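Fold and geometry: a report
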Amino acid sequence: MVTGPRGMPGRWRCYGGGRGSGGGDGAAMEERRRRALRRSRVLLVERLRPEPLWEPLRERGVFTEAMLEELRSLRTRREQVRQLVIDLESRGQQAFPVFLSILRDTGQGELADALSEACGSLPSQPINLRPVQLELSGEKRGKSESTVERLSIPVQDKNEQFRAPPAPAKGSAVDKSDQNLVYQLKADPCGHCLIINNITFSPDSGLSTRTGSDVDCERLEKRFKSLCFRVQTLRNLKAQEINAKLRSLAQQDHSALDCCLVVILSHGCQTSHNQFPGGIYGTDGISIPIEKIVKHFDGSNCPSLRGKPKLFFIQACGGDQKDQGFEVDCDSPEDETCRSSVESDATPFQTPSGNLDEPDAVASLPTPGDILVSYSTFPGFVSWRDKSSGSWYVETLDSMLGQHAHSEDLLTVLVRVANAVSAKGKFKQIPGCFNFLRKKFFFMCK
């Protein structure tokens, strides 16, 4: 086990082993076996009983005692199984068949059969093409008879099943099935989606009622349900209640799920920060930094979401500045949103006391990895909301997801959102994001 700069244990490691052990011959596990493990991950997390496996895995040289101690130290059975599957990929060519044998020896033969079937359904060798000759009539070249040309064209063997390579997703140069560059979402539902919708604030908070926020909330509920999330909506939470709910969600077991999503609709403000700017208000007028919200779900505090995408969508002001925009040579699109019903979700920024000269980087990446925070507006500026049609950001986000989530990755969709919102209104607004995702993220579409 290795430790990070702060002395915290980390999962990044490279194990060796003696010659003849399950993972010590220095050869990597076959790609088709790796893919079989990944394809069967949800089934294994649901059904595998890891306790009977520990001793056989040690005796047959797949893992050392130190490795097994680390696996057993994980809090839940699901976490142990998920990490076991991940670690098996690094234990060499013999780890897969030995693992199947141990599964059968411990009465879990149905899982071994499922893994064997998953492995057998994947092509292990390139498709064997053999040449055949086709006769094509050529053009007449001053002769009465036609010229015959013989061309050798590769044709698939009739005994082999043709498997066409998947086409790249529209709007992306990356194949969705590329596990090195794309997050794989296979679970259904793919993850939890929590929406916190703060509308009415306490009178002494000085914060106005956020009329139109219910429109935003209903849009996003329907949208994320259609994108295979399990959606929960909570209304009018105080700051302490928001923290408690986020902590509770982060402490759930997400092992059988592939991602997590949090939406917050509220008033917002500027805050001091090291990583993620901005803050949101509870209905009691107490602010919570976005940084604190995100931290509940990072690799240190939410182990079952390690390596999985955590997405945050924040509809709130980043401050009280109003962007007047600037003149451009070409005509901007006309927009009908310059109406008296448009409000902002801003409150003034109060500069905190103390030393603010703090580094904006963290010392132990990738603790905040696999995280994306999408803001409705640039830090320091207001975010506009229409009393009848909802906020510019949520309305546009919903529309762009509806049009493009089936074919484009999330970052491409968010660029579309920024472009569309920036064309609205007399006062300007541009959404943005802090992206710490390691791969491209494509939503699942029903």
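Sequence order as written defines the numbering, with residues in each chain counted from 1. Local features in a predicted model are, by the rule used here, given only for residues with pLDDT of at least 70; side-chain atom pairs are given and counted only at 80 or more, and totals for whole chains, interfaces and linings are based on all residues. Neither water nor hydrogens contribute to the side-chain values; these are computed over all heavy atoms in the structure.

An unreviewed UniProt entry annotates the chain as Caspase 9 of Anas platyrhynchos platyrhynchos.

Another aspect to go through is helix α11 (residues 392-404). The first and last C-alpha atoms of α11 sit 18 Å apart over 13 residues, in line with the 18 Å expected at 1.5 Å per residue. Each residue gets one of three labels from its accessible area relative to the maximum for its type: buried under 20%, exposed over 50%, partly exposed in between, using a 1.4 Å probe on protein chains only. Secondary structure follows DSSP: runs of H or I at least 4 residues long count as helices, runs of E at least 2 residues long count as strands, and numbering of each begins at the N terminus. The set of residues buried in α11 consists of W392, Y393, V394, T396, L397, D398, M400, L401 and H404. Take the number of residues in a helix, subtract one, and multiply by 1.5 Å to get its expected span.

Glancing now at the pairing of strand β7 (residues 259-265). When you tally the buried positions in β7, you get 7 out of 7 residues, the bulk of the element. Side chains C259, L261, V263 and L265 project from β7 onto one buried face, and the interleaved C260, V262 and I264 project onto a second face that is buried too. Two strands pair when backbone bridges link them, and strand β5 (residues 191-197) and β7 are joined in this way by 7 bridges, in the parallel orientation. What sits directly across from I196, in β7, is I264. One requirement defines pairing of two strands: DSSP has to find at least two bridges between them. Relative to strand β11 (residues 310-315), β7 runs parallel, the two sharing 6 bridges. Pairing of I264 across the sheet is with I314, part of β11.

Our next topic: the side chain of S213. Relative to the elements of secondary structure, S213 occurs in helix α8 (residues 213-226). Of the residues examined, S213 reaches a relative accessible area of 0% and is grouped as buried. For this analysis, a polar contact is any N or O atom pair within 3.5 Å, provided that within protein one partner can donate a hydrogen and the other can accept it, and provided that sequence-adjacent residues contribute only side-chain to side-chain pairs. Polar contacts involving the side chain of S213 include one to the side chain of N197, which spans 2.5 Å. By definition, residues are in contact when any of their heavy atoms lie within 4.5 Å. Excluding residues that lie within four positions of it along the chain, S213 makes contacts with N197, N198, I199, L265 and R385.

The next subject is the sheet that holds β7. Spatial strand order, β6-β5-β7-β11-β13-β16: 6 strands in an open sheet with mixed pairing. The outermost strands of the open sheet, each flanked by one partner alone, are β6 (229-235) and β16 (432-436). Strand-to-strand twist in this sheet, taken as the mean axis angle between neighbours without regard to direction, amounts to 10°. To define axes, lines are fitted to C-alpha atoms, for helices over the stretch in contact only, and angles between the resulting N-to-C directions are given on a 0 to 180 degree scale. Where α11 meets the sheet, it contacts β7, β11 and β13 (371-375), and its direction lies at approximately 135° from that of β11. Packed onto the sheet, helix α12 (residues 410-422) meets β11, β13 and β16 and runs at close to 10° relative to β13.

One way to put it is that helix α6 (residues 95-105) packs onto helix α7 (residues 109-120) with a least axis distance of 7 Å and a crossing angle of 150°. In terms of orientation, α6 lies roughly antiparallel with respect to α7. Judged by the sense of rotation from one axis to the other, the crossing of α6 with α7 is left-handed. For the pair α6 and α7, the contacting residues are F96, F99, L100, L103 and R104 in the first and G109, L111, A112, D113, L115, S116 and C119 in the second. The classification used treats Ala, Val, Leu, Ile, Met, Phe, Trp, Tyr, Cys and Pro as nonpolar, Asp, Glu, Lys and Arg as charged, and all other residues, Gly among them, as polar. Looking at side-chain class alone, the contact of α6 with α7 contains 8 nonpolar, 2 polar and 2 charged residues. Angle categories are assigned with fixed cut-offs, so that under 35 degrees is roughly parallel, over 145 is roughly antiparallel, 65 to 115 is roughly perpendicular, and the rest are oblique. The crossing is said to be left-handed when, going from far helix to near helix, the turn is anticlockwise and less than a right angle, and right-handed when the turn is clockwise.

Another point: the pattern of salt bridges. Salt bridges are identified by distance alone: a Lys or Arg side-chain nitrogen within 4 Å of an Asp or Glu carboxyl oxygen. Taken as a whole and judged by the stated rule, the model has 21 salt bridges. The shortest N-O distance in the salt bridge between D253 and R78 comes to 3.6 Å. Placement of D253 in the loop between α9 (239-251) and β7 and of R78 in helix α5 (residues 77-88) is noted, with a sequence separation of 175 residues between them. Salt bridges linked by common partners bring E55, R58, E65, E69 and R72 together as one network.

On to the packing of aromatic side chains, then. When two rings of Phe, Tyr or Trp (its six-membered ring) have centres within 6.5 Å they constitute a pair, described as stacked for plane angles under 30 degrees, edge-to-face for angles over 60, and tilted for the intermediate range. In total, this model carries 9 aromatic pairs according to the counting rule given. Measuring from ring centre to ring centre gives 6.2 Å for F276 and F434, while their planes differ by 55°; the resulting arrangement is tilted. With F276 in the loop between β8 (268-269) and β9 (279-281) and F434 in strand β16, this pair connects stretches of sequence that are 158 residues apart. Residue F276 is classed as buried on the basis of its relative accessible area of 1%. On the numbers, 5.8 Å between centres and 70° between planes, the contact of Y375 with F434 is edge-to-face. Placement of Y375 in strand β13 and of F434 in strand β16 is noted, with a sequence separation of 59 residues between them. On the basis of relative accessible area, Y375 is assigned to the buried category, the value being 8%. Counting every residue linked through ring pairs, the aromatic cluster contains F224, F229, F313, F441 and F443.

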